[in-house]
Amino acid sequence: MDTGGDILPADKPTRALPMGPKVVLLLGCLYLFLVGIGGMGAAFELFGSGLSKKLIAATASPFTGLFIGILATALVQSSSTTTSMIVALVAAGGLTIQGAIPIIMGANIGTAVTCTLVSLGHLAQKNEFRRAFAAACLHDWFNLMAVAILFPLEMATGLLARLAEGLTQAFANAGGLELANPLKAATQPAVTQLSQLAGDQPVVLLVLSVGLMVGMLMCLVKLLRSLMEARIQSVLDNYLFRSAATAMAVGLGFTLLVQSSSVTTSLMIPLAATGALTLAQVFPYVIGANFGTTCTAMLAAMATGTPAAVTVAFAHLLFNVFGALCIWPWPKVRAIPMRLAEWLADQAMKNRLVPAAFILVVFVIVPLLFTWSTVRAAFGGG
């Protein structure tokens, strides 16, 4: 397993800066990096939020629903957005509980596309890219494995639906809440300015956002290399990622704070690229992020006051909990997504077209093959 022992030294101009300015620069680059991610999400939303809602509403079967979940989430770059749409449709009677659960499973796969795209920002640096792509693919493979285990089980037994209905009855009188999202509040004005600069054109906004994200990613990596010399590595190892439990808690807590597992997992990509985090440390962090992303749908469901919507939100939570329990506690099973991630990263080193092919096949081509009639209907093509 790549532990990041070949970390490159920090650039001399960066190394010469005192600690204070380094931290200020790091925070500034981080803010602009998040603005880039937000702009990318806004661009995809301009492309496809309406289409995603139509796709979800037009779902005809559980198998189709699974791939619709992947495609819809890849379009809007947010599983929280997709699951909130699902909750709203179920509350309005436009989608059944049984039809919603497969879409939620697909959304868990689709949400991993963001950090996979972010990892491409390291293509110019061979060792950094291998680590970044492996960390991103770990999220992909874990979610794919969880779906491969739980989707057929749910179709055969309806276990998640039945357990979720039981939890809904237990929380029948729970009211809706709203959770503040300080990160979105902080970045939204800049994202809005970026969108206005692009003339609200999705293609232009996407290009500007990707350029900003990649530029800030390069700056973040240089600053992180320098700060690692100033013992940021010990802070990560001794506090935030000292054990699987703490790493899981960090992923959960940060996702609860920002209400986006896409942001949470994307933030660990530069750390993984520099070797500050190993795959073994990234894994529980990703699981925690998956737990945290269920919060938005849960709050949206409780706000509707509709038992069916609350049931769907609980099914989302149970899917993530059961997925973790099926994979994480068993060392030999836990090793599978890590080995697959490393294998795919090795293939990417041999051929730089592999990452693009992986993203297109998993998140676009295969979902379209299984949902083409539904997509045509959503576009109004019959």
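Coordinates for the structure precede this section.
The notes below deal with the structure included here. (Residues numbered from 1 in each chain as written. Predicted model: local features only at pLDDT ≥ 70, side-chain atom pairs only at ≥ 80, totals over all residues. Heavy atoms only, no water.)

**Quick look at the overall build of the protein**
And then number 1: Scanning the protein from N- to C-terminus turns up 18 helices and 0 strands.
And then number 2: Expressed as a percentage of the 382 residues in the protein, the buried residues total 53%.
And then number 3: Sequence-distant contacts in the protein: of pairs separated by 6 or more residues, those separated by 24 or more amount to 82%.
And then number 4: Of the accessible surface of the protein, which amounts to about 15,900 Å², a share of 68% is contributed by carbon and sulfur atoms. (Helix = DSSP H or I, 4+ residues; strand = E, 2+ residues; numbered from the N terminus. Buried < 20%, exposed > 50% of the residue type's maximum accessible area, 1.4 Å probe, protein only. Contact = heavy atoms within 4.5 Å. Areas by Shrake-Rupley, 256 points an atom, 1.4 Å probe, with all protein chains shown as cover.)

**Things to note about a nonpolar patch on the surface**
And then number 1: On the surface, F63, L360, V361, V364, I365, L369 and F370 cluster together into a nonpolar patch covering about 620 Å² of accessible area.
And then number 2: With 6 residues, helix α18 (residues 353-378) is the single largest residue contributor to the nonpolar patch. (Patch = residues over 30% accessible without salt bridge, like charges linked within 9 Å, V, L, I, M, F, W, Y side chains within 5 Å. Salt bridge = Lys/Arg side-chain N within 4 Å of Asp/Glu carboxyl O.)

**Considering the pattern of salt bridges**
And then number 1: Under the counting rule described, the total for this entry stands at 1 salt bridge.
And then number 2: The shortest N-O distance in the salt bridge between R130 and D346 comes to 2.9 Å. Pair noted here: R130 is in helix α7 (residues 126-157) and D346 is in helix α17 (residues 331-350), with a separation of 216 residues, a long-range link.

**Looking at the packing of helix α3 (residues 62-76) against helix α5 (residues 97-110)**
Describing two packed helices takes the angle between their axes plus the distance from one axis to the other.
And then number 1: At their nearest, the axes of α3 and α5 sit 6 Å apart, and the two run at 35° to each other. Judged by the sense of rotation from one axis to the other, the crossing of α3 with α5 is right-handed. Between α3 and α5, the contacting residues are P62, G65, L66, G69, I70, T73 and A74 on the first element and P102, I103, M105, G106, A107, I109 and G110 on the second.
And then number 2: Considering only residue class, the contact of α3 with α5 consists of 9 nonpolar, 5 polar and no charged. (Axes fitted to C-alpha atoms, helices over the stretch in contact; angles between N-to-C directions. Left-handed = near helix turned anticlockwise from the far one by under 90°. Nonpolar A, V, L, I, M, F, W, Y, C, P; charged D, E, K, R; others polar.)

**Things to note about the environment of V250**
And then number 1: Position of V250 relative to the elements: it lies in helix α12 (residues 244-258).
And then number 2: The spacing of V250 and L240 is 10 residues in sequence and 6.7 Å in space, taken between C-alpha atoms.
And then number 3: Those residues in contact with V250 that lie beyond four places of it in its chain are L240 and Y285.

**Describing the packing of aromatic side chains**
And then number 1: Applying the stated criterion across every chain yields a total of 10 aromatic pairs.
And then number 2: Consider the rings of F133 and F358, whose centres lie 6.4 Å apart with planes at 85°: the pair is edge-to-face. Here F358 lies in helix α18 and F133 lies in helix α7, a separation of 225 residues in the sequence.
And then number 3: Judged by relative accessible area, F133 falls into the buried class, the value being 0%. (Phe/Tyr/Trp six-rings, centres within 6.5 Å; stacked < 30°, edge-to-face > 60°.)

**Some words on the packing of helix α13 (residues 261-274) against helix α14 (residues 279-292)**
And then number 1: Packing of α13 against α14 leaves a shortest axis separation of 9 Å and a crossing angle of 165°. Put simply, α13 runs roughly antiparallel to α14. α13 and α14 meet at a crossing whose hand is right-handed. The segment α13 lies against α14, with S261, T264, T265, M268 and A272 engaging V282, Y285, V286 and A289.
And then number 2: Here the contact of α13 with α14 is built from residues that sort into 6 nonpolar, 3 polar and no charged. (Parallel < 35°, antiparallel > 145°, perpendicular 65-115°, else oblique.)

**Digging into helix α16 (residues 307-327)**
And then number 1: For α16, which comprises 21 residues, the first-to-last C-alpha distance of 30 Å matches the rise-based estimate of 30 Å (1.5 Å per residue) to within 8%.
And then number 2: The buried fraction of α16 amounts to 15 of the 21 residues, a majority that puts the element mostly inside the structure. (Expected span 1.5 Å × (residues − 1).)

**Some words on the nonpolar core**
And then number 1: M105 and F363 are the most contacted members of the largest nonpolar core, which totals 92 residues.
And then number 2: Of all the elements, α7 adds the most residues to this core, at 15 residues.
And then number 3: Residues contacting F363, with those up to four places away along its chain left out, are I70, L71, A74, I109, G110, A112, V113, D140 and F358.
And then number 4: A43, V191, A198 and L205 belong to the second largest nonpolar core, which has 6 residues in total. (Core = buried A, V, L, I, M, F, W, Y, C linked by side-chain atoms within 4.5 Å.)

**Observations concerning the side chain of S209**
And then number 1: Structurally, S209 is set in helix α10 (residues 202-229).
And then number 2: Not counting residues within four places of it along the chain, the set of residues in contact with S209 comprises G36, G39, M40 and L194.

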